[in-house]
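# What the coordinates show
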Amino acid sequence: MLRFVSLPRQTPDKRAPELRREDFEEIYQGFQERQAEAQASRCSQCGVPFCTSGCPLGNHIPDWLRLAAEGDLREAWEMSAATSNMPEVCGRICPQDRLCEGSCVIEQSGHGTVTIGAVEQYITDNAWKNGWIKPIKPKRERPQSVGIIGAGPAGLSAADQLRHLGYKVTVYDRYDRAGGLMIYGIPSFKLEKDVVARRVQRLIDSGVTFVQNADVGGALPFAEVREKHDAVLIATGVYKARDLSVPGVGNNGVVSALDYLTASNRKGLGDRVPAFDEGYMNAKGKRVVVVGGGDTAMDCVRTAIRQDATSVTCLYRRDRENMPGSAREVLNAEEEGIEFRWLSNPKLLLGEPEALSGVRVAKMRLGAPDQSGRQSPEEVPGEEVDLDADLVIKALGFSPEDLPGAFGEPDLALTRWGTIKADPSSFETSLPGVFGAGDIVRGASLVVWAIHDGRKAAAGIHDYLRRGELPHGTNTVGKQLEEYDPRAYEPVAAK
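Here is what the cut-offs are and how they apply
- Residues numbered from 1 in each chain as written.
- Predicted model: local features only at pLDDT ≥ 70, side-chain atom pairs only at ≥ 80, totals over all residues.
- Heavy atoms only, no water.
- Buried < 20%, exposed > 50% of the residue type's maximum accessible area, 1.4 Å probe, protein only.
- Helix = DSSP H or I, 4+ residues; strand = E, 2+ residues; numbered from the N terminus.
- Pairing = 2+ DSSP bridges.
- Right-handed = clockwise from strand over helix to strand, strands pointing away.
- Core = buried A, V, L, I, M, F, W, Y, C linked by side-chain atoms within 4.5 Å.
- Contact = heavy atoms within 4.5 Å.
- Axes fitted to C-alpha atoms, helices over the stretch in contact; angles between N-to-C directions.
- Parallel < 35°, antiparallel > 145°, perpendicular 65-115°, else oblique.
- Left-handed = near helix turned anticlockwise from the far one by under 90°.
- Salt bridge = Lys/Arg side-chain N within 4 Å of Asp/Glu carboxyl O.

## Quick word on the pairing of strand E7 (residues 287–291)
Within E7, 4 of the 5 residues are buried, leaving the element largely enclosed by the surrounding structure. The pairing of E7 with strand E8 (residues 311–315) spans 5 bridges and is classified as parallel. When the bridges of E8 are listed, Val289 appears paired with Thr313. Handedness of the crossover is the feature at issue here: the chain leaves E7, passes through helix H15 (residues 295–306), returns alongside E8, and the resulting connection is right-handed. Two strands pair when backbone bridges link them, and E7 and strand E13 (residues 391–394) are joined in this way by 4 bridges, in the parallel orientation.

This is the structure we're talking about:
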């Protein structure tokens with residue numbers, strides 16, 4: 001260990017931009033065994049591991065780095081799996097530069113961070129390859145059952161935890177495949193679908209029941225789901241796209257990011273997608289403008305370039321330093337030929353209702369900081385430019401849907417942002433025996449936070465079922481939860 005003084009940081013090899021923009025395969029080649037061991041050996045084995053505190057799951061990173069460096073890959077995988085239900089997913093799509101790697105001590109000392117994410121991916125991919133990951137066999141079977149609404153990362157991680165504890169678990173999902181945004185929202189060049197599918201299959205082999213195309217709150221009443229199970233977890237995510245507030249937003253050629261990405265992913269999965277085949281959700285031959293600065297925007301621009309768009313431009317109203325998306329993803333996009341216009345904001349969409357022709361873009365500057373300390377963008381008067389565009393993709397984030405209305409549960413308490421109000425320790429909602437986890441509780445966030453929440457909600461459900469049904473109103477949900485701070489949550493101890 002401590003080889004960071006003599007061994008430089010190395011990331012997995014990337015395929016050349018001109019090759020990878022021709023397909024949707026993952027762009028990183030992944031570490032080979034000796035590469036993984038060498039990069040793991042750069043860890044300084046800090047007495048206070050800031051990488052662990054920088055990880056929402058509290059992963060024991062220095063421990064499994066040491067084991068990987070010593071070649072003990074099975075124990076490294078066991079250590080990694082003790083705190084994470086999908087290490088190979090997090091290793092691929094977590095913004096490590098903002099989390100564990102950004103907190104690495106040797107990064108702060110100028111030696112370059114340990115490539116934690118790539119080693120994490122290698123350890124678990126190797127475990128799958130060697131057959132170490134088996135179906136779950138609980139030590140005891142419990143009589144109670146739990147219904148989970150939503151088969152995204154929060155729901156799947158909760159199902160994993162609860163099945164380990166011996167509960168009967170049924171997962172209801174609106175889509176025809178389990179995985180949520182990991183299947184339909186994240187492109188395959190970041191996360192190939194078989195990586196998610198094998199996790200789902202393991203749960204099926206473990207006795208978890210999946211009910212696909214389940215319209216909970218519609219054809220399947222929420223009350224019916226509650227009646228079937230001893231506890232229910234709501235892990236639906238947030239899917240309501242935030243809209244642009246500019247004239248012309250209703251023109252043909254303006255689409256939401258999730259609709260666009262879902263069409264592309266479905267096409268890649270072999271589905272029949274009329275909106276794609278007819279060109280509406282297809283960037284081929286088009287001048288594309290993506291509005292937004294998060295990871296979803298990066299997914300859209302990089303998808304469009306792979307669909308043979310004539311040009312792809314990303315508009316973001318702040319500068320590069322204030323961009324919320326992963327710096328790694330921005331760099332990958334630039335390598336693939338995407339143009340970024342910083343401090344730019346759409347002011348008007350040009351053309352007729354039946355045919356978009358362009359975007360009028362206002363130049364922005366950063367003004368006084370807001371309450372959070374972040375500088376607010378403001379328009380520079382008189383400085384505008386018109387960009388040609390045949391397709392505008394709105395990647396401005398997501399908001400919660402009206403669950404109390406859909407579920408027929410007016411007593412399901414919400415925060416002022418429309419997310420479900422849940423106890424920060426148990427994740428129980430205002431409805432006894434009903435829990436919430438993931439984006440529907442914290443708002444649109446990262447997959448790793450959804451996994452964290454699913455694990456913690458599973459622990460809350462376990463405690464609830466062990467102590468018996470609570471009388472209505474005895475949980476601790478209160479007004480203070482509106483000031484929800486994810487940093488206040490402690491990682492869940494491994495069971």
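## Details of the nonpolar core
Among the nonpolar cores identified, the biggest contains 100 residues, and Leu65, Ile148, Phe210, Phe222, Leu233 and Ile234 are the most heavily contacted of them. Top contributing element to this core by residue count: helix H19 (residues 447–467), with 10 residues. Look past the residues within four positions of Phe210 in its chain and what remains in contact with it is Ala151, Leu156, Val171, Ala178, Val200, Leu203 and Ile204. Residues Val273, Ala304, Ile305 and Val330 belong to the second largest nonpolar core, which totals 29 residues.

## Description of the packing of H15 against helix H16 (residues 327–335)
Close contact between H15 and H16 brings their axes to 10 Å; oriented N to C, the two are set at 20 degrees. By the angle between their directions, the pair H15 and H16 is classed as roughly parallel. Judged by the twist between their axes, the crossing of H15 over H16 is left-handed. Between H15, through Asp295, Met298, Val301 and Arg302, and H16, the contact on the second element is made entirely by Glu329, Val330, Asn332 and Ala333.

## A closer look at the pattern of salt bridges
Going through the model one piece at a time under the given rule, you end up with 38 salt bridges. Among the ionic pairs, Glu409 bridges to Arg226, the shortest N-O distance being 3.6 Å. Linking Glu409 in the loop between helix H17 (403–407) and strand E15 (434–436) with Arg226 in helix H12 (residues 222–228), this pair joins segments that are 183 residues apart in sequence. Take Glu409: its relative accessible area is 14%, and that puts it in the buried class. Between Lys363 and Glu383 there is a salt bridge, with the nearest N and O atoms lying 3.6 Å from each other. One end of the pair, Lys363, is in strand E11 (residues 355–369); the other, Glu383, is in strand E12 (residues 375–388), and 20 residues separate them in sequence. The class for Glu383 is partly exposed, based on a relative accessible area of 37%. The network of salt bridges with shared partners includes Lys14, Arg20, Arg302, Arg306, Glu329, Glu335 and Glu336.

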